[in-house]
Amino acid sequence: MRDDLSRGSPTDTTTLRHALGWFATGVTIATTLDGEAQPVGLTCNSFNSVSLEPPLVLWSLGRKSFSRPAFEQATHFAINVLPADQTGLAKRFAKPLEDKWAGVDWTPGTAGIPRLPLALAVFDCQVRERFHGGDHLIFLGEIVDLQSREIGEPLIFLRGRFGGFAATED
């Protein structure tokens, strides 16, 4: 086996971002409501499961995010897992736009939190904990309701690009 790994410093953010980019993630949109009961959402690929009993998930949000105040004050959030054909929506919710929700169809879930009907799965969560993690705020949520589809392909993020998943036969 060829050893073409190069060493880098974890304190060099460019080197770190490059190395972390090799880890493929799913793409979600985290949603909540702000203090005026208006929908808030952002693209998130830091989502993962924590526990089945109790049903816990976590995700993280950059401290400089425009949406941070709404999520910090929220008692609930939803994680909407995007299908492969929703790159445009993922890009839209990744930007600090004034009205990301214009023309976006959604339905209220637990505590009125926005659910995206096109999602492959939606996890409605009650906030259990918030943790400071460097330049991010980590949210631990208990799943209180969920919806999921039987079929579909997830949107994937790898090396700074969106794509699909090519299944292989065993």
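Residues numbered from 1 in each chain as written. Predicted model: local features only at pLDDT ≥ 70, side-chain atom pairs only at ≥ 80, totals over all residues. Heavy atoms only, no water.

*Asks:* Give me the state of the cysteines: which residues, what numbers.
*Replies:* Following the criterion strictly, the structure yields 0 disulfides and no others. In this structure cysteine 44 is a free cysteine whose sulfur lies 11 Å from that of cysteine 125, the closest cysteine sulfur available. According to the relative accessible area criterion, cysteine 44 is buried, its value standing at 3%. (Disulfide = S-S within 2.5 Å. Buried < 20%, exposed > 50% of the residue type's maximum accessible area, 1.4 Å probe, protein only.)

*Asks:* Report on the packing of aromatic side chains, specifying residues and quantitative values.
*Replies:* Summed over the entire model, instances satisfying the criterion amount to 9 aromatic pairs. Between the aromatic rings of phenylalanine 77 and phenylalanine 139, the centroid separation amounts to 6.4 Å while the plane-to-plane angle is 70°, which identifies the pairing as edge-to-face. Of this pair, phenylalanine 77 sits in strand β6 (residues 76-81) while phenylalanine 139 sits in strand β10 (residues 136-148), and the two are 62 residues apart along the sequence. In this structure, phenylalanine 77 and phenylalanine 139 share a single accessibility class: buried. Following the ring pairs from residue to residue traces out a cluster consisting of Trp59, Phe71, Phe77 and Phe139. (Phe/Tyr/Trp six-rings, centres within 6.5 Å; stacked < 30°, edge-to-face > 60°. Helix = DSSP H or I, 4+ residues; strand = E, 2+ residues; numbered from the N terminus.)

*Asks:* Lay out the layout of surface pockets in plain terms, naming residues and giving numbers.
*Replies:* Considering only enclosed or pocket space, the largest pocket measures out at about 1500 Å³ in volume. Lining the largest pocket are 36 residues, and of these Arg17, Asn45, Ser46, Ser60 and His136 sit closest to its centre. With 5 residues, helix α1 (residues 13-20) is the largest single contributor of residues to the lining of the largest pocket. Across the lining of the largest pocket, the residue classes tally to 14 nonpolar, 15 polar and 7 charged. (1 Å grid on protein atoms, 1.4 Å probe; cavity = no way out; pocket = protein on both sides within 12 Å on 5 of 7 lines; lining within 4 Å. Points joined across faces, edges and corners; volume = space filled by probe spheres on them. Nonpolar A, V, L, I, M, F, W, Y, C, P; charged D, E, K, R; others polar.)

*Asks:* I'd love a proper account of the environment of phenylalanine 157, names of residues and values included.
*Replies:* Inspection of the secondary structure puts phenylalanine 157 in strand β11 (residues 156-158). Taking relative accessible area as the criterion, phenylalanine 157 reaches 26% and is therefore assigned partly exposed. As a C-alpha pair, phenylalanine 157 and alanine 24 span 133 residues in sequence and 5.7 Å in three-dimensional space. When neighbours within four sequence positions are excluded, phenylalanine 157 is seen to be in contact with Phe23, Ala24, Thr25, Val27, Asn45 and Phe162. (Contact = heavy atoms within 4.5 Å.)

*Asks:* Outline the nonpolar core, supporting the account with residue identities and numerical values.
*Replies:* Among the nonpolar cores identified, the biggest contains 20 residues, and Trp59, Phe71, Phe77, Phe123 and Phe139 are the most heavily contacted of them. When residues in this core are grouped by element, the largest group, 4 residues, is from strand β9 (residues 121-133). If you look at the next biggest cluster of nonpolar residues, it comprises 10 residues, including Phe93, Trp101, Val104 and Leu155. (Core = buried A, V, L, I, M, F, W, Y, C linked by side-chain atoms within 4.5 Å.)

*Asks:* So what's going on with helix α3 (residues 87-94)? Residues and values would help.
*Replies:* Because each turn of an α-helix spans 3.6 residues, side chains separated by three or four positions in sequence point in the same direction. Those residues of α3 that fall on the buried side of the exposure criterion are Leu89, Ala90 and Phe93. With its buried residues spanning 100° around the axis, α3 presents them on a single face. α3 presents Gly88 and Ala94 as exposed residues on the side facing more than 90 degrees away from its buried surface. Taken together, the buried residues of α3 touch β2 (28-33), β3 (39-44) and β12 (161-163). (Arc of directions from axis to C-beta.)

*Asks:* Describe the sheet that holds β3, listing the residues and the values that go with them.
*Replies:* Sheet strands associate in pairs through backbone hydrogen bonding, adopting either a parallel or an antiparallel arrangement. Pairing is antiparallel in the open sheet, where 7 strands are placed in the order β3-β2-β6-β9-β10-β5-β4. Edge positions in the sheet fall to β3 and β4 (48-51), since each has one partner strand and no second. When the angles between neighbouring strand axes are averaged without regard to direction, this sheet yields 35°. Of the strands in this sheet, β2 and β3 touch α3, which is tilted by about 110° from β3. (Pairing = 2+ DSSP bridges. Axes fitted to C-alpha atoms, helices over the stretch in contact; angles between N-to-C directions.)

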